[in-house]
Amino acid sequence: MSWGTELWDQYDNLAIHTNKGIEFLDKYANFIRDRLTIETEYAAKLRRLVKNYQPKKKEEEDNEFTSWQAFRKVLNEISDLAGQREVVAESLQLQIIQGISLLSKTLREERKKCLANGTYLHQNLTTQLAALERAKRNYEKAYRDSEKAVENYKKADMDLNLSRAEVERYKNIMTAKIQQSDDAKNEYANQLQKSNNLQQQHYHELLPEVFNRLQELDEKRTRGIREFIIGAADVESSVAPIIARCLEGMVKAGESINEKEDSYKVIERYQSGFTPPGDIPFEDLSKMDTLDTSQESHYNHVQSSHLTVKGTISANKIKKRVGIFNIFGSNKNSLTADGQKEDFSDLPPNQRRKKLQAKIAELQQKIQQETAARDGLMKMKVVYEANSSLGNPMTVEGQLNESEHKLEKLKMDLKKYQGYLEKANQIPIANNSPQANRTHSMNNGHRSSRHSNGSTEDNNYDGDFQPDDAGSLSSSASPESGLGTSHTSLPGSAHGSTHENAMGEDAYYETEMEPLQPLGTCRALYPFEATSEGSIPMNEGEELQVIEIDQGDGWTRVRRINNTNGWDEGFVPTSYIECTLYA
């Protein structure tokens with residue numbers, strides 16, 4: 001079945017039909033464009049949703065819970081889903097939209113050529129038929145004139161009154177008219193044959209060829225729509241396995257949530273290790289001679305209860321910054337950058353052990369790195385000594401000595417903290433509680449004076465390494481730490497008085513507070529390497545929280561959220577950062 005055979009007389013309808021077909025193709029292209037827009041917007045909204053629900057920096061410490069970890073995995077899977085929707089949109093644009101545009105352009109050009117050819121054929125046939133009509137009219141007129149001339153000649157030949165010359169004139173006229181009639185007849189016959197041939201060729205060869213070409217174009221358009229519809233479905237099917245894996249990932253994330261494990265982690269985070277307070281003794285007020293003793297016991301109990309609460313929650317507490325020039329601070333132990341004692345003795349037993357273990361692991365890692373650096377320097381020195389043209393071995397000597405010094409200091413710190421941990425493991429939890437320590441010291445009528453390494457006079461530390469007074473002063477009074485030195489860190493005052501110790505411990509507990517709220521944010525303009533205790537390193541462009549502004553000493557206290565112990569706090573040079581404080 002072909003259009004050229006069956007629809008030989010439907011030229012106008014075919015022209016209209018092919019035009020509607022191309023318009024339908026363009027309509028389908030608009031449909032795909034609208035769908036592409038929806039896919040793009042959907043992907044963008046999914047990504048915005050994931051971004052809005054990403055855990056904040058202050059929530060990083062909660063990532064250890066399985067429910068939070070599962071939620072983060074779900075957010076990652078949603079982000080992957082958004083990526084797949086973007087892939088769908090991009091594939092629709094490249095494979096479908098561009099294909100439809102190219103096909104539509106080609107069909108319009110081919111249709112225009114076909115219709116122009118068909119119009120030309122119709123004009124030729126019309127011209128030939130018009131010529132045939134003229135030839136026919138000329139033949140009819142010449143035939144009528146010849147008939148009239150014959151009739152006039154016959155009348156003249158029968159009329160005896162006319163001369164021979166006049167009869168001969170009528171005969172010549174008749175002969176001329178008959179000749180004209182014959183010529184017109186021959187012309188008409190020729191035009192008729194020519195018209196029939198052209199018409200035969202027009203309706204059986206030329207015009208069917210045009211119609212068949214239009215049919216091919218329309219079938220190509222129809223076939224293209226079929227391929228585009230299937231292609232759009234294939235685009236969706238190509239991402240279906242990845243989407244299915246994303247959904248499987250969400251299911252696995254949900255299945256990974258373990259309520260018992262989360263409960264255990266809550267215990268691990270907040271457990272202090274203290275024993276609950278004992279029974280409150282009965283105070284017999286009838287015995288006036290023991291009134292003072294009872295009041296002192298009651299005071300001790302209130303203070304112990306207060307310290308129990310403070311000790312229980314002190315794992316997540318930090319202390320106020322002591323002024324740099326306040327060298328006569330109340331703290332008898334050197335403090336770390338986050339305001340805690342060096343041996344973490346201010347923390348509850350369980351939290352103290354965790355902090356010491358983390359510190360030991362950190363020191364062991366630093367020792368490994370420094371050992372590797374030292375070995376590299378030693379190899380370089382050997383190479384330089386073997387071939388002086390490569391370099392001067394004396395240039396490596398200074399670096400090697402510095403590395404050895406750092407390594408020795410790290411080993412000393414490691415042994416010191418291992419001693420702290422061993423001591424913390426040996427002390428029973430009940431005896432390590434603030435109630436027991438404070439009550440014991442009060443009952444004995446004095447307090448045990450603490451040295452800068454966290455040990456006491458009554459319970460001396462048996463480790464091999466104890467920082468001396470000068471060392472404690474240099475580490476505690478460094479500008480980076482922002483902490484004042486203790487009484488015992490000053491030369492000539494190895495031990496504080498009983499009154500100073502009592503005031504120091506009271507002031508210590510009074511300075512405990514909730515974690516400082518950030519005052520703003522800052523961005524590192526330059527990289528900074530922490531060179532002393534109390535400072536923290538930072539990379540160029542790193543975002544940090546400002547928790548205490550510069551107090552005139554050129555140092556700003558900042559906080560960095562991490563995934564290990566919640567956050568890192570310390571001091572960085574004010575000139576190295578660009579601060580943006582909250583309103």
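Nothing here was measured: the structure is a model prediction, and the numbers come from that model.

### Overview of the nonpolar core
Judged by nonpolar contacts, the single largest core of 41 residues is most densely connected at Leu 25, Leu 92, Ile 100, Phe 211 and Phe 228. For this core, the secondary structure elements donating two or more residues are α2 (11-52), α3 (66-158) and α4 (164-255). Of all the elements, α3 adds the most residues to this core, at 15 residues. Core analysis: the next-biggest nonpolar cluster, separate from the first, contains 13 residues, Leu 347, Leu 356, Ile 360 and Leu 407 among them.

### Details of the side chain of Ser 104
Topologically, Ser 104 is positioned in helix α3. By relative accessible area, which is 6% here, Ser 104 ends up buried. Here Ser 104 is in contact with Ile 22, Leu 25 and Asp 26, once residues within four sequence places are set aside.

### Topic: α3
Taking 1.5 Å as the rise per residue, α3 with 93 residues should run 138 Å; its terminal C-alpha atoms sit 135 Å apart, in good agreement. The sharpest bend along α3 comes to roughly 35°, located at Gln 93.

### Observations regarding the confidence of the model for the chain
For the chain, the mean per-residue pLDDT works out to 76, and 74% of the residues sit at or above 70. A low-confidence stretch, residues 298-332 (pLDDT under 50), is modelled with 104 contacts involving residues beyond four sequence positions or located in other chains. Long-range and interchain partners of residues 429-513, a stretch whose pLDDT sits below 50, account for 184 contacts in this model, where long-range means more than four residues apart.

### Notes on the environment of Tyr 11
Take Tyr 11: it is sitting in helix α2. In the structure, Tyr 11 is positioned 108 residues away from Thr 119 in sequence and 9.4 Å away in space, judged by C-alpha atoms. Among the polar contacts listed, one links the side chain of Tyr 11 to the backbone oxygen of Leu 115, at a separation of 2.9 Å.

### Some remarks on the pattern of salt bridges
Taken as a whole and assessed by the stated rule, the structure comprises 24 salt bridges. For Glu 133, the salt bridge is made with Arg 137, and the minimal N-O distance between the two is 3.8 Å. One end of the pair, Glu 133, and the other, Arg 137, are both in helix α3, 4 residues apart, so they sit about a helical turn from each other. Overall, the relative accessible area of 45% leaves Arg 137 in the partly exposed class. For Arg 557, the salt bridge goes to Glu 569, with nearest N and O atoms at 3.4 Å.

### Concerning the environment of Gly 554
Structurally, the position occupied by Gly 554 is in the loop between β4 (543-548) and β5 (555-561). Judged by relative accessible area, Gly 554 falls into the partly exposed class, the value being 32%. Separated by 18 residues in sequence, Gly 554 and Val 572 place their C-alpha atoms 8.6 Å apart. Setting aside chain neighbours within four positions, we find Gly 554 in contact with Val 572, Pro 573 and Thr 574.

### Focus on the sheet that holds strand β6 (residues 567-573)
Spatially, β6-β5-β4-β3-β7 is the arrangement adopted by the 5 strands of the open sheet, whose pairing is antiparallel. Either end of the sheet is taken by a strand with one partner, and the two such strands are β6 and β7 (577-581). Between one strand axis and the next, the sheet turns through 35° on average, direction left out of account. Here β5 pairs with β6 via 7 bridges, running antiparallel. Note that in β6 the partner of Ile 561 across the bridge is Trp 567.

Cut-offs applied
- Residues numbered from 1 in each chain as written.
- Predicted model: local features only at pLDDT ≥ 70, side-chain atom pairs only at ≥ 80, totals over all residues.
- Heavy atoms only, no water.
- Core = buried A, V, L, I, M, F, W, Y, C linked by side-chain atoms within 4.5 Å.
- Buried < 20%, exposed > 50% of the residue type's maximum accessible area, 1.4 Å probe, protein only.
- Helix = DSSP H or I, 4+ residues; strand = E, 2+ residues; numbered from the N terminus.
- Contact = heavy atoms within 4.5 Å.
- Expected span 1.5 Å × (residues − 1).
- Bend = angle between axes of the 7 residues up to and from the residue.
- pLDDT = per-residue confidence, 0-100.
- Polar contact = N/O pair within 3.5 Å; in protein donor to acceptor, adjacent residues only side chain to side chain.
- Salt bridge = Lys/Arg side-chain N within 4 Å of Asp/Glu carboxyl O.
- Pairing = 2+ DSSP bridges.
- Axes fitted to C-alpha atoms, helices over the stretch in contact; angles between N-to-C directions.

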